[in-house]
Amino acid sequence: MKSVKTPKKYTEQKFIKPVYLFLLFMMGLTGFGQMPIFKRYYISDIPGLGWTAEFYIKHYLHYLGAIILFFLFAYLIVVYFGLMRKSYALSNAALIRIVLLVAIVVTGIFRVLKNMPDVVFSPGFTMFIDISHLVFMILLICCGVVFGITRKGWFVSRVV
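Since this is a predicted model, take the numbers as computed values, not measurements. (Residues numbered from 1 in each chain as written. Predicted model: local features only at pLDDT ≥ 70, side-chain atom pairs only at ≥ 80, totals over all residues. Heavy atoms only, no water.)

**Points about the overall build of the chain**
Working step 1: Helices and strands together make up the secondary structure of the chain, namely five helices and two strands.
Working step 2: Walking the chain from its N terminus toward its C terminus, one meets helices and strands in the order α-α-α-β-α-α-β.
Working step 3: Principal-axis analysis of the C-alpha atoms places the extent of the chain at approximately 55 × 40 × 30 Å.
Working step 4: Taking all 160 residues of the chain together, 28% fall into the buried category.
Working step 5: Restricting to contacts in the chain with at least 6 residues of sequence separation, those with at least 24 account for 75%.
Working step 6: Accessible area for the chain stands at about 11300 Å²; split by element, carbon and sulfur atoms hold 73% of it.
Working step 7: Here the chain carries 17 positive and 5 negative side-chain charges, and the mean point of each set is 22 Å from the other. (Helix = DSSP H or I, 4+ residues; strand = E, 2+ residues; numbered from the N terminus. Buried < 20%, exposed > 50% of the residue type's maximum accessible area, 1.4 Å probe, protein only. Contact = heavy atoms within 4.5 Å. Areas by Shrake-Rupley, 256 points an atom, 1.4 Å probe, with all protein chains shown as cover. Lys, Arg positive; Asp, Glu negative; His and termini not counted. Charge placed at Lys NZ, Arg CZ, Asp CG, Glu CD.)

What follows is the structure in structure tokens.
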């Protein structure tokens, strides 16, 4: 069985990957922080982490991170389809990540709509959206760990 190796790092990957990972970390931190765990478990008492006890700071940082993540996704879609599609194909690991990211984005949009004053969802639908947003994020973290350990990258070279 022939193994397909991840292609060499392209120039933008050196800059985009750290930004993407930092954004996901901050989104996870501020997202899980929406639940009152930092103050309850005295994490916010650690010097430098006092901001984690402030709901609105975490809330706005989460929204800001989502906006930056939208721009990053748009940029990466344009770069892939404009420059890389002929040389690289998306790996199966990338397709799984993309499906999970789309699910997180869609449920996140519904969560934003839920927070608007004129939009009312039923309590059951609200709970479904909240739990599914959390579950998709946990699945993305688990897949990221598995794909990191197994070295499954986003791209594979196209056979020419």
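Here the narrative resumes, following the displayed structure.
**Quick word on helix H5 (residues 123–149)**
Working step 1: Helix length check: H5, at 27 residues, gives a terminal C-alpha distance of 39 Å against a target of 39 Å (1.5 Å per residue), a fit within 8%.
Working step 2: Residues Thr126, Ile129, Ser132, His133, Met137, Leu140, Cys143 and Phe147 constitute the buried set of H5.
Working step 3: Arg151 occupies a position one or two residues after H5 and carries a positive phi of about 60 degrees. (Expected span 1.5 Å × (residues − 1).)

**What about the nonpolar core?**
Working step 1: Core analysis: the largest hydrophobic core is formed by 15 residues, its most contacted members being Tyr20, Leu24, Leu69, Leu72, Phe73, Leu101 and Leu140.
Working step 2: Looking at this core, the elements with two or more residues in it are helix H1 (13–32), helix H3 (55–84), helix H4 (92–114) and H5.
Working step 3: When near neighbours in sequence (up to four residues on either side) are disregarded, Leu24 contacts Leu69, Met137 and Leu140.
Working step 4: Formed by five residues, the second largest nonpolar core is a distinct cluster that contains Val79, Met84, Tyr88 and Phe155. (Core = buried A, V, L, I, M, F, W, Y, C linked by side-chain atoms within 4.5 Å.)

All quantities given are derived from atomic positions and should not be read as evidence of function.
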